[in-house]
Amino acid sequence: MTAYNTEKTYTLSDLGKLDFGGTPLAVLGHPVKHSVSPAMHNAALQKLRAVNSRFNDWNYFRFDVEVEDLAEALPLFHKHNFLGLNLTIPHKVQAMDLIQAVSADGERMGAVNTLVWDEFGYDGFNTDGYGLKTGLKGDLGVSLKDATVVLLGSGGAARAAAVQCILEGCKRLYVGNRTPERLQGLMETVKGMRGGECATAFAISELPSNLPEAGVLINATSLGLKKGDPAPIDVNLLPLGWKVYDMIYNPATKLLEEASMRGLSVANGLSMLVHQGARSLEIWSHTDVSAHVMMTAACHALQLPPRYD
Ligand code: NAP
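This is a predicted model, so every value here is computed, not measured.

A. Up close: the site of the ligand. Surrounding the ligand, one finds 20 residues, the nearest of these being Ser154, Ala157, Asn177, Arg178 and Thr179. Take arginine 178: an N or O atom from its side chain is 2.8 Å from an oxygen atom of the ligand. With respect to the ligand, the backbone of methionine 247 contributes an N or O atom lying 3.0 Å from a nitrogen atom. Protein chains bury 78% of the 930 Å² of accessible surface belonging to the ligand in isolation. For the shell around the ligand, the per-class residue count stands at 9 nonpolar, 9 polar and 2 charged.

B. View of helix H2 (residues 37–51). Taking 1.5 Å of rise per residue, 15 residues should cover 21 Å, and H2 covers 22 Å from first to last C-alpha, within 8% of that figure. Of all the residues in H2, the buried ones are Ser37, Pro38, Met40, His41, Asn42, Ala44, Leu45 and Leu48. Packed against the buried residues of H2 are strand S2 (23–29), strand S3 (58–64), strand S4 (84–87), helix H9 (270–285) and helix H10 (291–302).

C. Broad picture of the sheet that holds strand S9 (residues 172–177). In spatial order, the strands read S10-S9-S8-S11-S12-S13; together these 6 strands make up an open sheet with parallel pairing. Looking at strand neighbours, the two that pair on one side only are strand S10 (199–203) and strand S13 (265–268), the edges of this open sheet. Averaged over neighbouring strand pairs, the angle between their axes works out to 20° when direction is ignored. Summarising the sheet, strand S12 (residues 241–246) and S13 pair through 4 bridges and their orientation is parallel. Bridging from a neighbouring strand, valine 244 pairs with valine 266 of S13. Sheet strands touched by helix H5 (residues 128–140): strand S11 (214–219), S12 and S13. Its angle to S12, the strand with the most contacts, is close to 130°.

D. Quick peek at the sheet that holds strand S5 (residues 101–102). Overall, mixed pairing links the 7 strands, which are arranged S1-S3-S2-S4-S6-S7-S5 in an open sheet. Whereas interior strands pair on both sides, the edge strands pair on one side only; in this sheet they are strand S1 (9–11) and S5. Looking at chain direction, S2 and S4 are connected through 4 bridges and run parallel. Paired with leucine 25 across the two strands is glycine 84, which belongs to S4. Sitting on the sheet, H2 is in contact with S2, S3 and S4, with an inclination near 170° to S3. Packing of helix H3 (residues 70–79) onto the sheet brings it into contact with S2, S3, S4, strand S6 (114–118) and strand S7 (121–125), and relative to S7 it is tilted by some 110°.

E. Structural detail: unusual backbone geometry. Cis geometry is found at the peptide bond from isoleucine 89 to proline 90, where omega equals 5°. Within the element layout of this structure, proline 90 appears in the loop between S4 and S5. Of note, the bond from asparagine 250 into proline 251 is cis; its omega dihedral lies within 30 degrees of zero at 5°. Positioned with a positive phi, aspartate 146 is a non-glycine residue whose angle comes to about 65°. Even without being glycine, histidine 286 reaches a positive phi, approximately 55°.

F. Expanded view of the pairing of strand S8 (residues 148–152). The element S8 is largely enclosed, with a buried count of 5 among its 5 residues. The two faces of S8 match: Thr148, Val150 and Leu152 on one face and Val149 and Leu151 on the other face are all buried. With 5 bridges joining them, S8 and S9 adopt parallel strand pairing. Residue pairing across strands places leucine 152 opposite glycine 176, the latter belonging to S9. In the classification by handedness, the crossover that spans S8, the intervening helix H6 (residues 156–168) and the parallel S9 is right-handed.

G. How the structure looks around the environment of methionine 294. Relative to the helices and strands, methionine 294 is located in helix H10. The spatial distance from the C-alpha of methionine 294 to the C-alpha of valine 51 is 17 Å, given a sequence separation of 243 residues. Not counting chain neighbours up to four residues away, the residues in contact with methionine 294 comprise Met40, His41, Ala44, Val274, Gly277, Ala278 and Val289.

H. Structural detail: the pattern of salt bridges. One pass over the structure, following the stated rule, counts 4 salt bridges. When the shortest N-O distance is used, the salt bridge between aspartate 105 and arginine 108 registers 3.2 Å. In this pair, aspartate 105 and arginine 108 are both assigned in helix H4 (residues 104–109), 3 residues apart and thus about one turn of the helix distant. By relative accessible area, which is 30% here, arginine 108 ends up partly exposed. With a shortest N-O distance of 3.5 Å, glutamate 168 and lysine 133 are connected by a salt bridge. You can see glutamate 168 sitting in helix H6 and its partner lysine 133 sitting in helix H5, a full 35 residues away along the chain. Exposure remark for glutamate 168: the relative accessible area of 23% places this residue in the partly exposed category. With relative accessibility at 29%, the residue lysine 133 sits in the partly exposed group.

Rules used in this analysis
- Residues numbered from 1 in each chain as written.
- Predicted model: local features only at pLDDT ≥ 70, side-chain atom pairs only at ≥ 80, totals over all residues.
- Heavy atoms only, no water.
- Near = heavy atom within 4 Å.
- Polar contact = N/O pair within 3.5 Å; in protein donor to acceptor, adjacent residues only side chain to side chain.
- Areas by Shrake-Rupley, 256 points an atom, 1.4 Å probe, with all protein chains shown as cover.
- Nonpolar A, V, L, I, M, F, W, Y, C, P; charged D, E, K, R; others polar.
- Helix = DSSP H or I, 4+ residues; strand = E, 2+ residues; numbered from the N terminus.
- Expected span 1.5 Å × (residues − 1).
- Buried < 20%, exposed > 50% of the residue type's maximum accessible area, 1.4 Å probe, protein only.
- Contact = heavy atoms within 4.5 Å.
- Pairing = 2+ DSSP bridges.
- Axes fitted to C-alpha atoms, helices over the stretch in contact; angles between N-to-C directions.
- Right-handed = clockwise from strand over helix to strand, strands pointing away.
- Salt bridge = Lys/Arg side-chain N within 4 Å of Asp/Glu carboxyl O.

Right under this line is the structure:
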């Protein structure tokens, strides 16, 4: 039986039972039911199909895979010819040890979110840093090159952001986190990179003093995910030329609300989500992908007002 329903959440047991078509793609996560990736990717694929028939049998599915099942899952997806996989919580780090090759960026970021089928296994990439860089540029007009960046967090998303900041040649990078050990680990990675000497660690409760007039603050903590969460820092300590990007896109966060009230330019992480997805599809398809189409689909799936960028 062919699986046509790209809205459904499948499990590993569906892999042998259903035919997922000629060129299947999927996001693997747990929980994954609320992922908007299928909506974004299938909208982009529909657009590609309109101009190129080679995409006629490409579909993007959603699979709920628990953390302890990933090692068993990846060879199964490979056997069933899934050309590309996106990995989300909690698989991005664990997958590094289960695949045949990891890109240099993925290695530095310590995580992969995009896997590409190859005859002998999957190759891993990380498109989160690209998504952030492109989102910052599109939403806030911020180029990371020569920028002063204050980055909050030291988890997977913060690692990707920190590595991207250094790769892009930022001027100063201040990284703050609640737990010093995790911050230390991130700093070791960054300091080992060329240009990493511009990075400084701080305790998240004490924003660096003497910040320049302009810069960008990026929240990569999960504080704000729950309604009612406070902002991770006091935005009144930021000079008025600063811009604020919160990787959280749902719900609206206190950080962005307070920064906006202070008159700072703000943006949420929807653009990062869309651009990391667009980059994944470009890696799989070797063709340009419309981030605009993916943004429209993501807004629709999240029941957010449409955006016209
Ligand atoms: P993670 O690995 O679990 O890291 C969570 C981070 O948040 C850690 O630095 C943690 O600090 C910090 N944190 C958690 N609760 C906190 C609190 N009460 N006060 C201060 N800091 C706190 O998660 P992740 O994968 O890096 O994701 C981080 C955030 O980015 C999430 O909100 C996620 O939704 C978002 N994200 C967005 C995108 C996108 O495309 N827009 C992509 C990836 C992630 P400790 O080390 O002290 O625990």
